[in-house]
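Letter by letter, the chains look like this.
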Amino acid sequence: MQQQSWIGDADGGWLAALNYAGYMFGALLAATVRSIHVKDTLYRLCLVLAVLTTAGMALTEHFWLWAGLRFLAGFSSSGAMLLASGLIMHWLIQHHQRVELGIHFAGLGLGIVLAAVAVEAMLALSMNWQAQWWGFSVLAIGLLVPAWRWLPRPTPAVPGASGSEAAATPPTRTFMRWMLAAYFCAGYGYVISATFIVTIVEREPLLAGAGNWTFALVGLAAAPAVMLWDLVARRIGYLGALIVAMGLQVIGIVLPAVTTSLAAVLFSAVLYGGTFLGCVSLVLTMAGRLYPASPARLMGKMTLAYGSAQIIAPALTGMLAEATGHYSVGLWLAGGFVALGALLLAWLRRVDQTAQRLDADAKAAVYAT
């Protein structure tokens, strides 16, 4: 779109920021709705909205119409990331399954791969940016069917049944304050690579043409890694796994600012892909353990922190890139935020009883049947 239309770096950053603003609005809604059946209905409406907003991008070149569509698209994506996560967790608890979301979030990694491969295929057919949006709309319709059919409708809980009325164990104030701050930092780091990685790669003369394949590599790394982070958490706890993941993510974020070597950029993509979804999955799993009957209560609050960084970071990075002509400052800033988040989690792990209890629960899963 940047090559074939009037969009500059700052405009792209603002469109990304509005997309994440819509996501935040969806997170707020997910946190306030209590009825599991209403959540299921909203999830299915979000699936339809995702298709419509994708197709709508091909119908206009007006900035504010694009802005509105990206906002609604962000809202629809909250259905997959939050409402679906809560519904799946509800089903796992009701059916006495291990409460982990790695397999669910692996689907997002596979979606990244599909998107990157689809772009390359459409470029090979010389399709312009509008035709590509139509192509993505067709893909979205195809994916809507299993997303709709494979998630079971929620069934009423049987009073007194084991697991149907699991008690909430609210976190301490210290845990919430520092966890929200750390997750804000994680969100800032995540969104820079998610939004600009293709552009960063394509602007390097020696890497031109590798942008979409780099994005595909992010997804290929993310899909299996999300499930691996569940295993890591069982060994060293949720907070321990998050600290390790964020430490690796710092390296992945800043590598493109240090070197333009293709090997280094590909390694950066693997590190980034292998960690960012793992962080989200681990945090949302913690939310489910603290609020088994209504995991979206904490999921929504955590995502508001994550999402507020996602609004600020793309707009700021886009303006910095336009002013300096490169993304190095934005990448170093993002890496610094993620490093700060890891330090906050390390401190929290030492001093807070909620963090210690969650880590003990994760390790106990090693012995679960």
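Residues numbered from 1 in each chain as written. Predicted model: local features only at pLDDT ≥ 70, side-chain atom pairs only at ≥ 80, totals over all residues. Heavy atoms only, no water.

## Quick look at the overall build of the protein
Consideration 1: Within the protein, the regular secondary structure consists of 12 helices and 0 strands.
Consideration 2: In the protein, the order of α-helices and β-strands from amino to carboxyl end is α-α-α-α-α-α-α-α-α-α-α-α.
Consideration 3: Here the protein has a C-alpha radius of gyration of 20 Å; the compact-globule value for 369 residues is 21 Å, and the two agree.
Consideration 4: For the protein, the spread of C-alpha atoms along the three principal axes comes to 60 × 40 × 30 Å.
Consideration 5: Taken over 369 residues, the protein has a buried fraction of 54%.
Consideration 6: Considering only residue pairs separated by 6 or more positions, the protein has 82% of its internal contacts joining residues 24 or more positions apart.
Consideration 7: When the accessible area of the protein is evaluated, it comes to approximately 16000 Å², of which 69% is carbon and sulfur surface.
Consideration 8: Between the averaged position of the 19 positive side-chain charges in the protein and that of its 14 negative side-chain charges there is a distance of 15 Å. (Helix = DSSP H or I, 4+ residues; strand = E, 2+ residues; numbered from the N terminus. Rg over C-alpha atoms; globule rule 2.2 N^0.38 Å. Buried < 20%, exposed > 50% of the residue type's maximum accessible area, 1.4 Å probe, protein only. Contact = heavy atoms within 4.5 Å. Areas by Shrake-Rupley, 256 points an atom, 1.4 Å probe, with all protein chains shown as cover. Lys, Arg positive; Asp, Glu negative; His and termini not counted. Charge placed at Lys NZ, Arg CZ, Asp CG, Glu CD.)

## A short note on the packing of helix 4 (residues 102-124) against helix 9 (residues 262-290)
Consideration 1: Viewed as axis vectors pointing N to C, helix 4 and helix 9 meet at an angle of 150°, and their least axial separation amounts to 10 Å. With respect to helix 9, the axis of helix 4 lies roughly antiparallel. Read as a crossing pair, helix 4 and helix 9 show a hand that is right-handed. Listed contacts from helix 9 to Gly-102, Phe-105, Leu-108, Gly-109 and Ile-112 of helix 4 are Phe-276, Leu-277, Val-280, Ser-281 and Leu-284. (Axes fitted to C-alpha atoms, helices over the stretch in contact; angles between N-to-C directions. Parallel < 35°, antiparallel > 145°, perpendicular 65-115°, else oblique. Left-handed = near helix turned anticlockwise from the far one by under 90°.)

## Points about the nonpolar core
Among soluble globular proteins, nonpolar side chains are generally buried collectively.
Consideration 1: Among the nonpolar cores identified, the biggest contains 89 residues, and Phe-175 and Met-179 are the most heavily contacted of them.
Consideration 2: A per-element tally of this core places helix 6 (residues 173-202) first, with 14 residues.
Consideration 3: Look past the residues within four positions of Phe-175 in its chain and what remains in contact with it is Leu-239, Leu-290, Leu-348, Asp-352, Thr-354, Ala-355 and Leu-358.
Consideration 4: Core analysis: the next-biggest nonpolar cluster, separate from the first, contains 10 residues, Met-57, Ala-58, Leu-69 and Trp-133 among them. (Core = buried A, V, L, I, M, F, W, Y, C linked by side-chain atoms within 4.5 Å.)

## Topic: the packing of aromatic side chains
Consideration 1: For the structure on display, the rule yields 9 aromatic pairs.
Consideration 2: Measuring from centroid to centroid gives 6.2 Å for Phe-184 and Phe-337, while their planes differ by 65°, and the two rings are edge-to-face. Pair noted here: Phe-184 is in helix 6 and Phe-337 is in helix 11 (residues 328-351), with a separation of 153 residues, a long-range link.
Consideration 3: Taking relative accessible area as the criterion, Phe-337 reaches 25% and is therefore assigned partly exposed. (Phe/Tyr/Trp six-rings, centres within 6.5 Å; stacked < 30°, edge-to-face > 60°.)

## With respect to the confidence of the model for the protein
Interpretation of this model should avoid reading the predicted coordinates in detail wherever pLDDT is low.
Consideration 1: When pLDDT is averaged across the protein, the result is 82; 92% of the residues are at 70 or more.
Consideration 2: Within the protein, the lowest mean pLDDT, 76, falls on helix 10 (residues 296-324), and the highest, 93, falls on helix 5 (residues 129-149). (pLDDT = per-residue confidence, 0-100.)

## A word on a nonpolar patch on the surface
Consideration 1: Judged by side-chain polarity, Trp-14, Ile-312, Leu-316, Met-319 and Leu-333 come together as a nonpolar surface patch covering roughly 420 Å² of accessible area.
Consideration 2: Among the secondary structure elements, Leu-333 is positioned in helix 11.
Consideration 3: Judged by relative accessible area, which is 33%, Leu-333 ranks as partly exposed. (Patch = residues over 30% accessible without salt bridge, like charges linked within 9 Å, V, L, I, M, F, W, Y side chains within 5 Å. Salt bridge = Lys/Arg side-chain N within 4 Å of Asp/Glu carboxyl O.)

## Details of the side chain of Ser-85
Consideration 1: Considering the arrangement of structural elements, one finds Ser-85 in helix 3 (residues 63-94).
Consideration 2: Judged by relative accessible area, which is 0%, Ser-85 ranks as buried.
Consideration 3: A distance of 3.3 Å separates the side chain of Ser-85 from the side chain of His-104, its partner in a polar contact. (Polar contact = N/O pair within 3.5 Å; in protein donor to acceptor, adjacent residues only side chain to side chain.)

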